[in-house]
Amino acid sequence: MMRSLFSGVSGLKVHQTKMDVIGNNIANVNTVGFKSSSVTFSDIFYQTTQSASGPNAATGAGGQNARQIGLGSTLGSISVNITGPGGSQRTDNPFDLMINGDAFFILNKGGTNYFTKAGNFTVDEAGTLVNSAGYPVMGWQADAEGGIKKDRVSALHVMAEENMKASPAATTQSTFFGNINSEDEAFTKSDKKDRYVPLQMQFYDALGYEYTAQFHIREKMDNTGAKLSGQYTVDLATITKDGTVLVDCKEDANNASGMDYSGSGFTQLTIAFNTTKTTQYYDPTNNSLIAAPTDAQKATAIKVEPGGIIPGQGTAGTPGNALAGFSTTLAFAGTGALTPDPADAFAAAGDENGQLKIDFSQLTNYGATSDVDSARGIDGIGKGKAVGSMSSLGIQTDGKIVAAYSNGDTRILGQIAVANFANAAGLEKVGENLYAETLNSGSFNGIGEDITANGDKFSTGVLEMSNVDLSTEFVEMITTQRGFQANSRIITVSDSMLEELINLKR
């Protein structure tokens, strides 16, 4: 009977332990990334009152089984359902992440790496990606070109001061497009000086300052003042910055037309259009328009539709004189007479020679309204850009952190690394949603892995919730309660039997 008392006590203890685990599971039913635990029991060493014996052929006696009395139960294991996924909770917070797979986030606490499934991250005052307890999220850094350096993991300073700005770039190319109508009323104004179609072009220097170049498009005249059909001059009038005139190209009174401009950096350009009603071909070999190319000319001839610009048209109105193809250049050379000197203002603008290439191939000479405009870059190349400030920050499914800037730049700032373990269930819970490696979990190599290496991915704006199943926990709670109750009855019944035994002496 004394054995039954202690068996009952052992049963009470293990059921109490199981109830403690159940209570912890239920308490963490809404804890982000929590993994539930379960308890198993095992029996205690048996007291053998008679060992087993085999059959005896000599005596004819049969074999007998061992006679053993159990001494109660003990705790077999407390195992964590580490691989069971929790539910997904949508938050739309760009720094909330969920791992789709068995990997773990890597966090650093006091110089030691720990691991977690909880992806509720934020950025602290220093710009470092951290969890809710302020522990840095570990990953790999990016180089200047956005390449990921997969060495030992380190804290990701995604919003550090050096990442908040994007470098500017000088504009090296620009495009003029639109239509010039030869009958536009701008060409018939009473004051000859006002007879032009204005055109503005914005561009950046290498420091990110924005400038505006004002051009005047006029009808081309010969020395007698007669209009040259389909030909126009393009003159640079002014270059301004924030409303301040840096370059002012004055009208040249000595020119016969009185409308040419003199100023540094831009030579008056003549452009010409096909004024016929049929398709023509430009022959660059002979610098001329032809109705149809010969077999020898077909390889180099350029088709010019009615109203289309003629490539190679130069300042003298003759093809090939100054305009190579459809473009010219604006060179930023100062006169030394202006304050500030344009040579200083534009020293780092344009290409390596300080020249900005301008493409005219998109201009037409139709009967529609004159509507000429410009765009930085040619086919999107050489647009230049101002200094950019970070406008948004996002995390891709592979963990790469990408920043977008107000000047159109995007930059990879780093990548979140993950850790995988041979036996993830062997990790040790240390509180705060953290796990530590143990001898039975496998070790972390300090470098980590790309989450896509095993086909996993991150979900952004989503959190993994607890994997506690309340229905299972309530059933386990009922069986645990009944088990505890039954073991308590063992003690009370054993006590009653002892009482009867003591009463025998009366």
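It should be noted that the structure appears before, not after, this text.
Remember, it's a predicted structure, so these values are computed and weren't measured experimentally.

> What is the right way to look at the sheet that holds strand β22 (residues 280–283) in this model?
Taken in spatial order, the three strands of this open sheet run β23-β22-β24, and their pairing is antiparallel. In this open sheet, the two strands that pair with only one neighbour each are β23 (288–290) and β24 (302–304). Along the sheet, successive strands turn relative to each other by an average axial angle of 35°, direction set aside. As paired strands, β22 and β24 are joined by three bridges and run antiparallel to one another. In the sheet register, Tyr281 faces β24, and the bridge partner there is Lys303.

> What exactly am I supposed to notice about the environment of Gln202 here?
With respect to the helices and strands, Gln202 occurs in strand β15 (residues 197–204). Placed 37 residues apart in sequence, Gln202 and Ile239 show a C-alpha to C-alpha distance of 9.5 Å. There is a polar contact of 3.5 Å between the side chain of Gln202 and the side chain of Thr212.

> How should I be thinking about unusual backbone geometry in this particular structure?
One can expect most non-glycine residues to show negative phi and most peptide bonds to be in trans. Even without being glycine, Asp242 reaches a positive phi, approximately 55°. Of note, Asp242 is situated in the loop between β17 (227–241) and β18 (244–248). Residue Asp242 is classed as exposed on the basis of its relative accessible area of 70%. Its identity as a non-glycine residue notwithstanding, Glu432 has a phi of 60°, on the positive side.

> Even after reading the chapter, I still don't get the pairing of β15, so can you show me in this structure?
Residues in a regular strand project their side chains so that they alternate between the two faces of the sheet. Sheet topology places β15 next to strand β16 (residues 210–221); eight bridges connect them, and they run antiparallel. Note that in β16 the partner of Pro198 across the bridge is His216. In sequence, β15 turns back onto β16 through a hairpin of five residues, with Gly208 there showing a positive phi of about 90°.

> Any chance you could explain a nonpolar patch on the surface here in plain terms?
On the surface, a cluster of nonpolar side chains totalling about 230 Å² of accessible area is made up of Phe41, Leu75 and Ile78. Position of Leu75 relative to the elements: it lies in strand β4 (residues 73–80).

Definitions and limits used
- Residues numbered from 1 in each chain as written.
- Predicted model: local features only at pLDDT ≥ 70, side-chain atom pairs only at ≥ 80, totals over all residues.
- Heavy atoms only, no water.
- Pairing = 2+ DSSP bridges.
- Helix = DSSP H or I, 4+ residues; strand = E, 2+ residues; numbered from the N terminus.
- Axes fitted to C-alpha atoms, helices over the stretch in contact; angles between N-to-C directions.
- Polar contact = N/O pair within 3.5 Å; in protein donor to acceptor, adjacent residues only side chain to side chain.
- Buried < 20%, exposed > 50% of the residue type's maximum accessible area, 1.4 Å probe, protein only.
- Patch = residues over 30% accessible without salt bridge, like charges linked within 9 Å, V, L, I, M, F, W, Y side chains within 5 Å.
- Areas by Shrake-Rupley, 256 points an atom, 1.4 Å probe, with all protein chains shown as cover.
- Salt bridge = Lys/Arg side-chain N within 4 Å of Asp/Glu carboxyl O.

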